[in-house]
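Chain by chain, the residues:
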Amino acid sequence: MAVGGGNVLQMVCDVTIAADTAMFRQVGPMVGSFDAGYGTWYLEDLVGKKRAKEIWYSNPKISPQQALDWGLINRIVPAADLQAETRRWALEIADRGAFALASVKAAFNARHGGVSGLSRMAHDLLLRGYLDTEEHDEMAKSFAERRKPDSSKFGH
């Protein structure tokens, strides 16, 4: 169950994989509380303004399928497979370039700094750093050669 703060916690994660037995819910107004920060504006970013207001005003229980359909989570797996599938996905992501992933994450986060914040971040990361790294070279070469990248060249 991802309820209240637990649901906010899963919302601010980069990705969410949920068991088919999961349930999501915001309950603040039902229990004399609210979240006027991440819990509101980030939910709106994920599911849209009208849907976020519905979730906060009505406090419905949200099934995994509904959460997936609304954009609240990324994937659903059988509960028995949750740990193994989460590990598999994490290792898949770990095969990507660490610097590139960090830069993409910074780009998502820079959104709140406006276009100027995003432009500065992109310029600094890409032109002044990433294109001259072994990681960039290995990722580009492995893609062109249609092979798995050698992650030992990423400088972890």
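Nothing here was measured: the structure is a model prediction, and the numbers come from that model.

What counts as what
- Residues numbered from 1 in each chain as written.
- Predicted model: local features only at pLDDT ≥ 70, side-chain atom pairs only at ≥ 80, totals over all residues.
- Heavy atoms only, no water.
- Core = buried A, V, L, I, M, F, W, Y, C linked by side-chain atoms within 4.5 Å.
- Buried < 20%, exposed > 50% of the residue type's maximum accessible area, 1.4 Å probe, protein only.
- Helix = DSSP H or I, 4+ residues; strand = E, 2+ residues; numbered from the N terminus.
- Contact = heavy atoms within 4.5 Å.
- Salt bridge = Lys/Arg side-chain N within 4 Å of Asp/Glu carboxyl O.
- Phe/Tyr/Trp six-rings, centres within 6.5 Å; stacked < 30°, edge-to-face > 60°.
- Lys NZ or Arg CZ within 6 Å of the ring centre and 35° of its normal.
- Patch = residues over 30% accessible without salt bridge, like charges linked within 9 Å, V, L, I, M, F, W, Y side chains within 5 Å.
- Areas by Shrake-Rupley, 256 points an atom, 1.4 Å probe, with all protein chains shown as cover.
- Axes fitted to C-alpha atoms, helices over the stretch in contact; angles between N-to-C directions.
- Parallel < 35°, antiparallel > 145°, perpendicular 65-115°, else oblique.
- Left-handed = near helix turned anticlockwise from the far one by under 90°.
- Nonpolar A, V, L, I, M, F, W, Y, C, P; charged D, E, K, R; others polar.

Undergrad: Got a minute to help me understand the nonpolar core in this structure?
TA: Most often, soluble globular proteins keep nonpolar side chains buried together rather than apart. Phe24, Leu43, Val47, Ile55, Ile62, Ala67 and Leu72 are the most contacted members of the largest nonpolar core, which has 16 residues in total. For this core, the elements supplying multiple residues, two or more each, are helix H1 (5-12), helix H2 (38-47), helix H3 (49-58) and helix H4 (64-70). Broken down by element, the residue count for this core peaks at three residues, all from H3. Contacts of Leu72, omitting those with residues within four sequence positions, involve Asn7, Gln10, Met11, Phe24, Leu43, Leu46, Val47, Ile62 and Ala67.

Undergrad: Whenever I open this one, the pattern of salt bridges confuses me. Can you help?
TA: Pairing is possible between side chains of opposite charge, provided their charged atoms come close. Counted according to the given criterion, the structure contains eight salt bridges. Notably, a salt bridge pairs Arg88 with Glu85, separated by 3.2 Å at the nearest N-O pair. You can see Arg88 and its partner Glu85 sitting in helix H5 (residues 82-94), three residues apart, about one turn around the helix. For Arg88, a relative accessible area of 38% gives the class partly exposed. Residues Arg88 and Glu92 are paired through a salt bridge, measuring 3.1 Å at the closest nitrogen-oxygen approach. Of this pair, Arg88 and Glu92 both sit in helix H5, four residues apart, which is roughly one turn of the helix. Three or more residues joined by partner-sharing salt bridges are found here, namely Glu85, Arg88, Glu92 and Arg96.

Undergrad: It is not clear to me how the packing of aromatic side chains should be interpreted in this structure. Could you clarify?
TA: The description of two aromatic rings rests on the distance between their centres and on the angle between their planes. In this structure the tally under the stated criterion is one aromatic pair. Look at Trp41 and Tyr42: their rings are 5.6 Å apart centre to centre, the planes differ by 80 degrees, and that puts the pair in the edge-to-face class. A relative accessible area of 32% means that Trp41 is categorised as partly exposed. Between Arg75 and the ring centre of Trp89, over which it is positioned, the NZ or CZ distance is 3.8 Å.

Undergrad: Teacher, can you tell me more about a nonpolar patch on the surface here?
TA: Residues Leu9, Val12, Tyr38 and Trp41 make up a contiguous nonpolar surface patch of about 400 Å² in total accessible area. Within the residue set of the nonpolar patch, elements represented by two or more residues are H1 and H2. Assignment of secondary structure puts Tyr38 in helix H2.

Undergrad: Even after reading the chapter, I still don't get the packing of H2 against H3, so can you show me in this structure?
TA: For any two helices packed against each other, one specifies the inter-axial angle together with the distance between the axes. It is the contact of H2 with H3, at a shortest axis distance of 7 Å, that shows an interaxial angle of 130 degrees. Looking at the two axes, H2 sits oblique to H3. The handedness of the crossing between H2 and H3 is right-handed. On H3, the residues that touch Gly39, Thr40, Leu43, Glu44 and Val47 of H2 are Lys49, Arg51, Ala52, Ile55 and Trp56. Taken together, the residues of the contact of H2 with H3 break down into five nonpolar, two polar and three charged.

Undergrad: Explain the side chain of Ser103 to me, please; I cannot follow it from the model alone.
TA: Within the secondary structure layout, Ser103 lies in helix H6 (residues 98-110). Excluding residues within four positions of it along the chain, Ser103 makes contact with Met121 and Leu125.

Undergrad: Please explain the packing of H1 against H2 as it appears in this structure.
TA: Their axes nearest at 10 Å, the elements H1 and H2 cross at an angle of 50 degrees. One way to sum up the angle between H1 and H2 is to call them oblique. Remark: the crossing between H1 and H2 carries left-handed chirality. Residues Val8, Met11 and Val12 of H1 touch H2, and the partners they reach there are Tyr38, Gly39, Tyr42, Leu43 and Leu46. For the contact of H1 with H2, the residue count by class is seven nonpolar, one polar and no charged.

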